[in-house]
Amino acid sequence: MRKFLSILGMCLLAAACTGAGAGASTSATPGASGSPGASGSTPAPSYKVDAGADRLILRIAADGGFVAPGYILTRLPQFALYGDGRVIVGGPVIEIYPSPLLPNLRLLRVTPAEIQKILAAADNAGLLGPDASYDTSGVMDAATTVFTTNVDGAAHTIRAYALSESSMTASAADAAERARLVQFSHDMSNLSTFLGRAVSDADAYAPTAMRVFVGQASATEPQGLTRQVVAWPLTTDPGTVGVPTSNPGLLCVVLTGNDLKAFLAMAKTANALTVWTSGDGRYSVSVRPLYPDESGCAGPSPSASAPISS
């Protein structure tokens, strides 16, 4: 009888273990890296994300550096992934002076399974753990690469100064982590290779809101150039309704709806030196398209938005 009970207990224990293993496998997200179906693979974890169109999952951006204050106001993320599978990246930049006023932003699309694969790589790169900052020495005036993730209900921020520069780090562990961040950035900038399929960038990203930074136009013509002059397309003078920014002399207005549509109709043929006229005012203009999770003006009051009516 003791021998029979011992054998029965071993069978029950084996059945319980088998049941737990089956449950773990079905919780993995199909199509994610290492998902069920791959020979000899381990089921990948299923990362929970908000599927909303304006819910940021992952952003790679630059912060700081020795650049003009106006450039910082208009600087764009290198990569931004949202819950509906949209990815916004910068497209090719035409080498011409003066440069076009509007940046070339491209819209890519990935599947839910591919979002899981991206997040598994982010996890392997250390982006889903505690917030951290990786410094370096021997480099001055460089920008800091900032990785922002929103996964499993938690926000994570990892910062790495002068990430693309060859430099000295405080420890071998920091050097190894920086190498993982470099590799992850490379993978996200080569999404087709990383995902193993062609990811089309044929679609332009069409923002629903845009920051427009307005300053007084110089009275001096650039040497060898004649600046384009266009009329400000809205009835309200942008030099009187903007909110102050961190750059003295620059005001910010946020355009949406019909105001944005009217502005874009003129801006698509404008450049960085175009003079915009409104009444007696002559203005220089720079722009920062807003991403789905962004709103308002940058500057002392980032939540402020100066409405303009056409």
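Refer to the structure printed above.
Residues numbered from 1 in each chain as written. Predicted model: local features only at pLDDT ≥ 70, side-chain atom pairs only at ≥ 80, totals over all residues. Heavy atoms only, no water.

## Quick word on the overall build of the protein
Check the secondary structure of the protein and you find seven helices and 14 strands. The contacts of the protein with a sequence gap of at least 6 include a subset with a gap of at least 24, amounting to 70%. For the protein, the accessible surface area stands at approximately 16500 Å², while carbon and sulfur atoms represent 57% of it. (Helix = DSSP H or I, 4+ residues; strand = E, 2+ residues; numbered from the N terminus. Contact = heavy atoms within 4.5 Å. Areas by Shrake-Rupley, 256 points an atom, 1.4 Å probe, with all protein chains shown as cover.)

## Things to note about unusual backbone geometry
Pro 98 follows Tyr 97 through a cis peptide bond whose omega is -5°. Mapped onto the secondary structure, Pro 98 falls in the loop between strand E3 (86-90) and strand E4 (105-109). In this structure, Asp 141 is a non-glycine residue whose phi angle is positive, near 65°. Mapped onto the secondary structure, Asp 141 falls in the loop between strand E5 (132-134) and strand E6 (144-151).

## Description of the state of the cysteines
By the definition in use, this model includes one disulfide. Sulfur-sulfur distance for the disulfide between Cys 252 and Cys 297 comes to 2.1 Å. Judged by the sign of its S-S torsion, about -85°, the cystine formed by Cys 252 and Cys 297 is left-handed. Residue Cys 252 is found in strand E12 (residues 251-256), and its partner Cys 297 is found in the segment after strand E14 (281-289); the two are separated by 45 residues along the sequence. Accessibility assignment for this pair places Cys 252 and Cys 297 in one class, buried. (Disulfide = S-S within 2.5 Å. Buried < 20%, exposed > 50% of the residue type's maximum accessible area, 1.4 Å probe, protein only.)

## Focus on the packing of helix H3 (residues 112-124) against helix H4 (residues 172-189)
Closest axis-to-axis distance for the H3/H4 pair is 9 Å, and the angle between their directions is 160°. By the angle between their axes, H3 is roughly antiparallel relative to H4. In the packing of H3 onto H4, the handedness of the crossing is left-handed. Between H3, through Ile 118, Ala 121, Ala 122 and Asn 124, and H4, the contact on the second element is made entirely by Arg 180, Phe 184 and Met 188. Classifying every residue of the contact of H3 with H4 gives five nonpolar, one polar and one charged. (Axes fitted to C-alpha atoms, helices over the stretch in contact; angles between N-to-C directions. Parallel < 35°, antiparallel > 145°, perpendicular 65-115°, else oblique. Left-handed = near helix turned anticlockwise from the far one by under 90°. Nonpolar A, V, L, I, M, F, W, Y, C, P; charged D, E, K, R; others polar.)

## Observations concerning the pairing of strand E7 (residues 154-161)
As paired elements, E5 and E7 share three bridges and run parallel to each other. Bridging from a neighbouring strand, Ser 133 pairs with Arg 159 of E7. Across eight bridges, the pairing between E6 and E7 is antiparallel. Among the inter-strand pairings, Val 146 is bridged to a residue of E7, identified as Arg 159. Between the end of E6 and the start of E7, which pair antiparallel, lie two residues, with Asp 152 showing a positive phi angle near 55°. (Pairing = 2+ DSSP bridges.)

## Points about the side chain of Arg 288
Tracing the backbone through its elements, the reader meets Arg 288 in strand E14. The buried category is assigned to Arg 288, whose relative accessible area is 5%. Of note is the side chain of Arg 288, whose polar atom sits 2.9 Å from the side chain of Glu 294. Apart from residues lying up to four places away in sequence, Arg 288 is in contact with Leu 73, Thr 74, Arg 75, Leu 76, Pro 77, Met 210, Arg 211, Phe 213 and Glu 294. (Polar contact = N/O pair within 3.5 Å; in protein donor to acceptor, adjacent residues only side chain to side chain.)

Shape descriptors only; they carry no functional weight alone.
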